[in-house]
Amino acid sequence: MNGNPFLASAPTVSAPSFYADRQAAAQAVRMAMPMIEAAMRDPHVGDSGFLYLVIMDPASCPDRDQFEEAILYEHAVGDPEQWDADYAAFARGKARISWRTGLESHLVQTAYPHLLQKNDSTLWGTACLDGYVVASSGVNPWYDEAFAMTVAACLRAIVKGRALSEPRGLVL
């Protein structure tokens, strides 16, 4: 909450990440998709044939930002019109928990259940990697977790590459 009573009702939105933008997130998903699509052909991974990914803006903060505004990028695998469940809602629910706590949803579910709030999802399948939060839904949760971690690692690599190739110089 903002300490200034005149600004208490003003929206509080952080500046988006400079290097981890929507294009970087889309690139990370494109990098991971060949592995994800190949894995999804294995029925042991999951049999829905669908997947939904949610990537949070690493510069966002749950103390200051609204969850919906902090979503950097979302991606559906398969036609959402054919879904047998709302994989987008599942992935957003998982992302919300990890974004709020900074912990992978499986860890919250199993080791830190006291961090769960009334309407939180009981599903898991997220990655929290150096401030990058990615959620996946549509396959078995341990594979959701692996796919989320893959996307998070790809995004981290893209951002590191951008930061090293685009020197910003001293900003005052």
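Whatever comes next refers back to the structure up there.
The following paragraphs examine the structure supplied in this document. (Residues numbered from 1 in each chain as written. Predicted model: local features only at pLDDT ≥ 70, side-chain atom pairs only at ≥ 80, totals over all residues. Heavy atoms only, no water.)

**Considering the pattern of salt bridges**
We count it as follows: The term salt bridge refers to a pairing of a side-chain nitrogen on Lys or Arg with a carboxyl oxygen on Asp or Glu at a separation within 4 Å. Strands are runs of DSSP state E lasting at least 2 residues, helices are runs of H or I lasting at least 4, and numbering of each runs from the N terminus. Burial here depends on accessible area, computed with a 1.4 Å probe over protein chains only, as a share of the maximum for the residue type. Under 20% is buried, over 50% is exposed, and the range in between is partly exposed.
In the structure shown here, the tally under the stated rule is seven salt bridges. One salt bridge in this structure joins Arg-92 and Glu-74, with 2.7 Å as the shortest N-O distance. Placement of the pair is Arg-92 in helix α3 (residues 87-101) and Glu-74 in strand β2 (residues 71-77), with a sequence separation of 18 residues. Judged by its relative accessible area of 26%, Glu-74 falls in the partly exposed class. Arg-100 is paired through a salt bridge with Asp-120; the nearest N and O atoms lie 2.7 Å apart. Of this pair, Arg-100 sits in helix α3 while Asp-120 sits in the loop between α4 (105-110) and β3 (126-129), and the two are 20 residues apart along the sequence. With a relative accessible area of 25%, Arg-100 lands in the partly exposed category. Judged by its relative accessible area of 14%, Asp-120 is buried.

**So, the nonpolar core**
Convention followed: By convention a nonpolar core is built from buried Ala, Val, Leu, Ile, Met, Phe, Trp, Tyr and Cys residues, the set being connected through side-chain atoms within 4.5 Å. We call two residues contacting when some pair of their heavy atoms lies within 4.5 Å.
Of all hydrophobic cores here, the largest spans 32 residues; its most connected members are Ile-36, Leu-51, Ile-55, Phe-147 and Val-151. At the level of elements, α1 (22-40), β1 (51-56), β2, β3, β4 (132-137) and α5 (141-165) are the ones that each hand at least two residues to this core. With 10 residues, α1 is the largest single contributor of residues to this core. Aside from chain neighbours lying at most four places away, what touches Leu-51 is Ile-36, Met-40, His-75, Ala-76, Val-77, Trp-83, Ser-136, Ser-137, Gly-138, Val-139, Asp-144 and Phe-147. Grouped together as the second largest cluster of nonpolar side chains are 15 residues, Met-56, Tyr-87, Ala-95 and Val-133 included.

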